[in-house]
Amino acid sequence: MLLADHDRIETFRPGEDGLLSGQGVEYRFSLQENIWSEVYLLSAQFIVRVFTTFLLGLIFGPLSAWAEPPEIKASRVESPPVLDGRVDDPAWQVAAVASEFVQQFPVAGSPASERTEARILYTADSLYIGVICYDSQPDQIVDTQSRRDGDLGDSDSILIIIDTYHDRQNGFLFGTNPVGIQYDAQILNEGVSAGEVASTGIGRSATSGSQRGNVAAVNLNWDTTWEVRSSRTDRGWETELKIPLKSLRFADSSNPQTWGLNLMRNIRRKNEQVFWAEIPQSHSIYRVSLAGDLSSLDIHSSRNFKVTPYVLLGGQRDFTVSETEFRHEVGGDIKYGLTSSLTLDVTVNTDFAQVEVDDEQINLTRFPLFFPEKRGFFLENAGIFSFGTPGDLDAFFSRRIGIESGQEVPIQVGARLTGKIDRFQLGLLSIQTGEEEGLVAGQNFFVGRVRREFHKRSSVGVLFTNRETIGDPVLRSKNNRTFGTDLQLGLGENWIISSYLAKTHSPELSGEDYAGSVFAGYRDPLWRVEASYLEIQENFNPEIGFVPRKGFRRPWFRVHFNPSPEAGFVKTWNPHWWIRQYYGFDGELESVRIHNDFEVQFRNGGSASITLNRDFELLRVPFEVHPGVIIPQGEYWFNQYSFSLGSDPSARVFADVAGSIGDFYGGELRSFDAILGFRTGPNFVTELNLVNTNVDADWGRFNTNIGRLRLNYSFTPYRFVQVLFQYNSRAQQFSSNIRLALTESSGTGLYLVYKDSYDTPGERFDPLGRSFFAKYSYQFDF
């Protein structure tokens, strides 16, 4: 299976400055001095704001107190309710009712405009949650998704977070809408990773059910076994959830137990979000330290032993060498609960034929692009293994396992142990890959991660990774190791301070192999102020990590101002400013970006922004930005002006448009990115995405286009067909990917996957590769 080649990393070492002579040099130095006087002024203003905010937080933060968290008692029943999407079974009559919901938006702290009732029951093996969402206009209820893990922000919906350890830091998130889709995720450290706080936007794509980007603190790709039924009624809409206790992890030490619990309802047509336990506008449902209590749970862990075998049949043809390969494979996964809070996963002959293909991207930088992990085995519990600064340094990046130079490498066997022991988060991972002749030798990968949690989002942890090559290595050392330790401190409700230090060991490299970072951030309903420092030395080499750039020191500052009007068409104003600078270890300034952005989010879910970016790049050596187009070495300052506009994403027809115009390494750049979407209710959604980039300079000119068409039709929340067509003019390739999924609630079932790709020189369509696979898996739950 062809995958995006993100593994190639080019290192640019110091060389001749290559400055132009004469008046041009004098002009650039004069321009640089003027710019830097502006930079220093803005930086001074920022530091004053940070210091003032810090003092106010220290003085007034301890004096402020949030409302006492609510509590609801769970009721045990011997005869559970029948799941039919209507909360009217006699079993629900014995349950306590949680109904005092308050607004987060638009008017923080005000009573909800529509009544919501939640009830909790449990049996010896399952937890039952029933929610009635009363609505004065039931015909106006919005449901835009019918696929698992679809974007619930565009639909009337319910989100439920359960803090099973009652540690006020971690939780399991469940959600659904009037159609009855399954939405689940793992939340670690209240959604905070390396100081970054995840939002609950859950993506703008209406057609994709997988998470984009980093999954360190919020892992949407975590899928467990549970059931849900929803229905529309005369009183609004209602839903019933059944969550087996073996699908959760919890301490089995005391009875009755108390868990953390919070519920959020989204009333889409009003763009109103209401919570059972009140959450300030600066935070989200991930803030489990502010959750209420679910008490009176007299439960014990049950055995968790699941076996999921699979069989794969299919074939693929490589037209470039006229070879056809037929495949028939068997393999599977085993999940065994060693305790109620510690789980062992084993995978044998792992296959990822059903995984979505990567989105095409155009790279206009000197550094490799990031492509997110989409393979299920690596996504589950991924947040436990996270370490570093997402996008700049990921000490463990699972796409380094089983993928080499864009080609799939067979995974023979793997094991993962994850969970909690008291206040310790534990993660151990070992994977053995096979040899791919002419590409890479067999390798063993090991990752160990331990974090000791404290109160208020605080923790201290260590990381160790190891890659051992079996046989003759190909362009790599025989072994590579990474050692790291990190610390995070939550101060009050608004401050986060975090830091880490890491070192690598490679036999062919000696010295200058450290990386470290310090981060401080403040966030309240009105302000978001952050500062960080990151340093990565030249020989820092985590071979199972992702580090796009090395040999620099990078200070970074950011401030956001986020007022939220209580009325009108604007939900949130978000003017913000940040500056990011890269210095070489010789003290030379290498890169700068000064980002000025005025963004607004509208009450209907749309958004708009205008942006000015001021950039500087020092090219120590030339680099090829496009095939045959080389930017010469030198110093470059340039401005870029951008805009974006997004419509109501829940509408039948929706659109996002963005554009940029300005300088680019002494030339001119114009880019345009447009998404046009259409839906016919929750079952069918399609998106057309066009991206155009045009560059014109003395050193060359080029024009690139990416076209992407997605179609998604859901027969039920568990059965769907997804089609993706892509065109990349730079690679001169067209590809298609068609996936038919007939699955069960556990994510197992039948997948039919067709892929092909074509070379498109001139007017021709020359086939490159084609494949078709049928994969069937079934879960045995003992």
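One can find the structure itself at the top, above this paragraph.
Below you will find a few notes about this structure. (Residues numbered from 1 in each chain as written. Predicted model: local features only at pLDDT ≥ 70, side-chain atom pairs only at ≥ 80, totals over all residues. Heavy atoms only, no water.)

So, the overall build of the protein
Scanning the protein for helices and strands turns up two helices and 47 strands. Looking at the 782 residues of the protein, the share that counts as buried comes to 56%. Within the structure as shown, the protein displays about 32500 Å² of accessible surface, and the carbon and sulfur contribution to it stands at 57%. (Helix = DSSP H or I, 4+ residues; strand = E, 2+ residues; numbered from the N terminus. Buried < 20%, exposed > 50% of the residue type's maximum accessible area, 1.4 Å probe, protein only. Areas by Shrake-Rupley, 256 points an atom, 1.4 Å probe, with all protein chains shown as cover.)

A word on the nonpolar core
Core analysis: the biggest nonpolar cluster contains 34 residues, and Leu127, Ile129, Ile162, Phe174, Trp259 and Leu261 have the highest contact counts within it. Residue assignment for this core shows that the elements contributing at least two residues are strand 4 (116-122), strand 5 (126-134), strand 6 (157-163), strand 7 (171-176), strand 13 (236-244), strand 14 (257-267) and strand 16 (292-297). When residues in this core are grouped by element, the largest group, four residues, is from strand 5. Contact partners of Leu261, with chain neighbours within four places excluded, come to Ile72, Ile120, Ile160, Ile161, Ile162, Trp276, Ala291, Gly292 and Leu294. (Core = buried A, V, L, I, M, F, W, Y, C linked by side-chain atoms within 4.5 Å. Contact = heavy atoms within 4.5 Å.)

Description of a nonpolar patch on the surface
Nonpolar side chains collect at one region of the surface, where Val311, Leu313, Val330, Tyr776, Tyr778, Phe780 and Phe782 lie side by side and expose about 690 Å² of accessible area between them. Mapped onto the elements of the fold, Leu313 is located in strand 17 (residues 305-318). Under the relative-accessibility criterion, Leu313 is labelled exposed at 52%. (Patch = residues over 30% accessible without salt bridge, like charges linked within 9 Å, V, L, I, M, F, W, Y side chains within 5 Å. Salt bridge = Lys/Arg side-chain N within 4 Å of Asp/Glu carboxyl O.)

Focus on the environment of Ser517
Relative to the helices and strands, Ser517 resides in strand 30 (residues 514-523). When the C-alpha atoms of Ser517 and Glu535 are compared, they prove to be 6.3 Å apart, with 18 residues separating the residues in sequence. Excluding residues that lie within four positions of it along the chain, Ser517 makes contacts with Thr389, Ser498, Ser499, Tyr500, Tyr533 and Leu534. A polar side-chain atom of Ser517 sits 3.2 Å from the main-chain carbonyl oxygen of Tyr533. (Polar contact = N/O pair within 3.5 Å; in protein donor to acceptor, adjacent residues only side chain to side chain.)

Let's talk about the packing of aromatic side chains
On inspection of all chains with the given rule, the structure shows 27 aromatic pairs. Ring centres 4.9 Å apart and planes at 85° place the aromatic pair Phe664 and Tyr665 in the edge-to-face group. For the residue pair Phe664 and Tyr665, the accessibility class agrees, reading buried in each case. Aromatic ring contacts, followed pair by pair, group Phe623, Tyr636, Phe638, Phe664, Tyr665 and Trp699 into a single cluster. (Phe/Tyr/Trp six-rings, centres within 6.5 Å; stacked < 30°, edge-to-face > 60°.)

Some remarks on unusual backbone geometry
With the exception of glycine, most residues fall at negative phi, and the peptide bonds are largely trans. In this structure, the amide linkage connecting Phe105 to the following residue, Pro106, adopts the cis form with an omega of 5°. Along the polypeptide, Pro106 turns up in the loop between strand 3 (102-105) and strand 4. Although it is not a glycine, Ser296 adopts a positive phi angle of roughly 65°. Along the chain, Ser296 turns up in strand 16. Accessibility expressed as a relative area gives 28% for Ser296, which makes it partly exposed. One non-glycine residue with positive phi stands out, namely Gln732, at about 55°. Its location among the elements puts Gln732 in the loop between strand 43 (719-728) and strand 44 (733-743). Note on Gln732: relative accessible area 37%, which makes it partly exposed.

Thoughts on the pairing of strand 25 (residues 424-433)
Within strand 25, seven of the ten residues are buried, which leaves it mostly tucked inside the rest of the structure. In this sheet, strand 25 lies alongside strand 24 (residues 411-421) in antiparallel orientation, the contact comprising ten bridges. When the bridges of strand 25 are listed, Leu417 appears paired with Leu428. What sits between the antiparallel neighbours strand 24 and strand 25 is a turn of two residues, in which Asp422 has the positive phi angle 60°. (Pairing = 2+ DSSP bridges.)

A short note on the side chain of Arg558
Looking at where Arg558 falls in the secondary structure, it is placed in strand 32 (residues 552-561). Here Glu530 takes part through its side chain, which lies 2.5 Å from a polar atom of the side chain of Arg558.

Considering the sheet that holds strand 5
Spatial strand order, 2-4-5-13-12: five strands in an open sheet with mixed pairing. At either margin of the open sheet sits one strand with a lone partner, and together these are strand 2 (75-76) and strand 12 (227-233). Where strand 12 and strand 13 come together, seven bridges link them in antiparallel fashion. By the bridge assignment for strand 13, Ser231 is matched with Glu238.

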